[in-house]
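Spelled out from the first residue to the last, the chains are:
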Amino acid sequence: MQTWRLLPFERLDGYENMAVDEAVFRESVLSGGPPTLRFYLWKRPVVTIGYGQDVVAEVNLEFCGERNIDIIRRPTGGKAVYHDAELTYSVVASQARPPFKEDIVTTYRAIAACLILGLDRLGIAAELAERGLPDVKDSLEGCCFAVPYRNELLVEGAKICGSAQARSRGHFLQHGSILIDFDALTTSRVMTHTKSDEKDRVRYLERAVTCVRKHAKREFNEETLAHVIGEGFEEEMNMKLQEEELTLNEQTLKKKLLSGKYLTQKWNLEGRT
Amino acid sequence: MSYPDDLLYTRDHTWARVDDTTVTIGITDFAQESLGEIISIDLYPLDSSVKQGEPFGIIESDKTTAELISPVSGDIISVNEDIFDDVGVLECDVYDAGWMIAVEIQDLGELDNLLDCDDYEELVDQAEGRR
């Protein structure tokens, strides 16, 4: 049976979380190694935006400033996410390592299958979205959880997990947010709006988005949620997770990415390093 | 899916059209189809240098960013700026209108590291589990 590396479960600030994910990804591109799974939490609320998003057009900078909500650009694609009460996972692996393939959809589906098995251990019946929602509420188009894409996870028709990927030289990083609780009002307010009434937006989000707390059939906390999702990965991927720390190279790269990229306004606001 | 026989290819799904010492570069049909709906492209600017096997830009689809890997080393002598405003061209014409950069190659020997169309087709078949 193959083994995957499981990194320590930790709560970091958003800058560090992104730097760790990218450091593991870059090292995997350079040195290979077994797939890596990581679960993490956020020290304080953060809005992350997708690699190519226009932060001024999408995020309410004034609101985020008043609430001390950090704004961080991800290395991955996709839309803006408000991270607060959630468990975040990240997977780094070779695209060619079964069951992954070079096409993106197969990777999404393979990881979604792990998440489905994990959530099932809490009695939550999640399923793959077969198609995206066509009628996204205006002015929420830049918000990840307002837009379920094909192959993302739904519970009773509402999105519970949003994921995004980066790819380079045969390797991928996929990370995603599994919502523990959902705050529709703050999620709406961190986004920029030019149209539509706030009550309408909140009502829309409350219908379109759900969370673990709402559907879990047994008690859980952040650690037990990470544990059962990890078991879902082990079962679906037929492997054993083995806890290990970041390598020295990864730690060095993390520090470099932190100071040269994720802690800079140039990257977070303009998308340049 | 068949691939033009006048091009060379990388394992990272980029192609190279060689004309003397000028190498024009783009992505293959396979790359375009597996990315899904392409949203934007970010390419290294004119006059910057690229290295074989290293990125020359990033392409973003609705849920993924992917580094574009250069087939050769050299200086970028031309950038197709038209695709910045019309990424849709990649869905219909990756090999001509969808070219991305042109590079003045430094070492023609690097071309020996690239795949011909038959080898590339075999690589794609393997990636898709057909072989």
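Use the structure listed above.
Just so we're clear, the structure is a prediction, and the values are computed from it rather than from any experiment. (Residues numbered from 1 in each chain as written. Chains lettered and ligands numbered in written order. Predicted model: local features only at pLDDT ≥ 70, side-chain atom pairs only at ≥ 80, totals over all residues. Heavy atoms only, no water.)

(A) Representation of the sheet that holds strand β1 (residues 8-9) of chain B in the model. Residue and element names in this part refer to chain B. Reading across from one edge, β1-β2-β3-β9-β8-β5 is the order of the 6 strands in this open sheet, with antiparallel pairing throughout. Edge positions in the sheet fall to β1 and β5 (49-50), since each of these pairs with one other strand and no more. Of the pairings in the sheet, the one linking β5 to strand β8 (residues 74-79) comprises 2 bridges and is antiparallel in character. Looking at the pairing, Val-50 lines up with Gly-74 of β8. (Pairing = 2+ DSSP bridges. Helix = DSSP H or I, 4+ residues; strand = E, 2+ residues; numbered from the N terminus.)

(B) Spotlight on the sheet that holds strand β6 (residues 81-83) of chain A. All names here are of chain A. Ordered by their spatial adjacency, 3 strands build an open sheet running β5-β4-β6, and the pairing between neighbours is mixed. At either end of the open sheet lies a strand with only one pairing partner, and these are β5 (70-73) and β6. Adjacent strand axes in the sheet meet at a mean angle of 25° when their direction is disregarded. For strand β4 (residues 46-49) and β5, the ladder comprises 4 bridges, and the chain directions are parallel. Directly across from Thr-48, in β5, lies its bridge partner Ile-72. (Axes fitted to C-alpha atoms, helices over the stretch in contact; angles between N-to-C directions.)

(C) Spotlight on the nonpolar core. One finds Ile-41, Leu-43, Ile-59 and Met-100 of chain B to be the most contacted residues of the largest nonpolar core, which totals 42 residues. Among the elements that make up this core, the one with the highest residue count is helix α4 (residues 117-127) of chain B (5 residues). Of all hydrophobic cores here, the second largest spans 37 residues; its members include Leu-37, Val-91, Ala-112 and Ala-126 of chain A. (Core = buried A, V, L, I, M, F, W, Y, C linked by side-chain atoms within 4.5 Å. Buried < 20%, exposed > 50% of the residue type's maximum accessible area, 1.4 Å probe, protein only.)

(D) Quick look at the side chain of Thr-88 of chain A. Residue and element names in this part refer to chain A. Mapping Thr-88 onto the fold places it in strand β7 (residues 86-94). Residue Thr-88 is classed as buried on the basis of its relative accessible area of 2%. Looking at Thr-88, its side chain comes within polar contact range of the side chain of Trp-42, at 2.7 Å. Leaving out residues up to four positions away in the same chain, Thr-88 has contacts with Arg-38, Phe-39, Tyr-40, Trp-42 and Gly-176. (Polar contact = N/O pair within 3.5 Å; in protein donor to acceptor, adjacent residues only side chain to side chain. Contact = heavy atoms within 4.5 Å.)

(E) Structural detail: the interface of chain B and chain A. With 20 residues of chain B at the interface, the matching set in chain A holds 24 residues. Carbon and sulfur atoms make up 46% of the area that chain B and chain A hide from each other, which totals about 1,800 Å². Ranking the residues of chain B by area buried against chain A places Lys-63, Thr-65 and Glu-67 of chain B at the top, with a combined share of 36%. Connecting chain B to chain A are 4 salt bridges. Of the charged contacts in the structure, one is a salt bridge between Asp-42 of chain B and Arg-272 of chain A, with a shortest N-O distance of 3.7 Å. Across the chain B-chain A interface, the total number found is 10 residue pairs in polar contact (both at pLDDT 80 or more). Within the residue set of the side of chain B that touches chain A, elements represented by two or more residues are α1 (29-35), β6 (55-61) and β7 (64-69) of chain B. Here the side of chain B that touches chain A takes 5 residues from β7 of chain B, the largest share from any one element. Of the residues in the side of chain B that touches chain A, the class split is 7 nonpolar, 5 polar and 8 charged. Across 3 bridges, the pairing between strand β10 (residues 158-168) of chain A and β7 of chain B is parallel. Paired with Ala-166 of chain A across the two strands is Thr-65 of chain B, which belongs to β7 of chain B. (Buried area = accessible area lost by both parts, 1.4 Å probe. Salt bridge = Lys/Arg side-chain N within 4 Å of Asp/Glu carboxyl O. Nonpolar A, V, L, I, M, F, W, Y, C, P; charged D, E, K, R; others polar.)

(F) Quick look at the pattern of salt bridges. The final tally for this structure, using the stated rule, is 22 salt bridges over all chains. With a closest N to O distance of 2.9 Å, Glu-231 of chain A and Arg-121 of chain A form a salt bridge. Residue Glu-231 of chain A is found in helix α8 (residues 222-237), and its partner Arg-121 of chain A is found in the loop between α4 (104-120) and β8 (126-128); the two are separated by 110 residues along the sequence. One salt bridge connects Glu-67 of chain B with Arg-169 of chain A, and the closest N-O pair in it is separated by 3.5 Å. Separated into two different chains, Glu-67 of chain B in strand β7 and Arg-169 of chain A in the loop between β10 and β11 (171-179) make up a pair that spans both. Note on Arg-169 of chain A: relative accessible area 26%, which makes it partly exposed. Because the salt bridges share partners, they merge into one network encompassing Glu-22, Arg-26, Arg-169 and Lys-261 of chain A together with Glu-54 and Glu-67 of chain B.

(G) Geometry of the environment of Arg-213 of chain A. Residues and elements named next belong to chain A. Relative to the assigned elements, Arg-213 resides in helix α7 (residues 212-215). On the accessibility criterion, Arg-213 (46% relative accessible area) is partly exposed. A C-alpha to C-alpha distance of 29 Å links Arg-213 and Pro-75, two positions 138 residues apart in sequence. Residues contacting Arg-213, with those up to four places away along its chain left out, are Ile-180, Asp-181 and Phe-220. A distance of 2.9 Å separates the side chain of Arg-213 from the side chain of Asp-181, its partner in a polar contact.

(H) Highlighting the environment of Asn-17 of chain A. Residue and element names in this part refer to chain A. Relative to the helices and strands, Asn-17 resides in helix α1 (residues 14-31). Relative accessible area serves as the criterion here: at 0%, Asn-17 is assigned to the buried category. Measuring from C-alpha to C-alpha, the distance between Asn-17 and Ile-69 comes to 15 Å, with 52 residues separating the pair along the chain. If sequence neighbours within four positions are ignored, Asn-17 has contacts with Leu-12, Arg-38, Tyr-40, Leu-41 and Trp-42. Separated by 3.4 Å, the side chain of Asn-17 and the backbone oxygen of Leu-12 make a polar contact.

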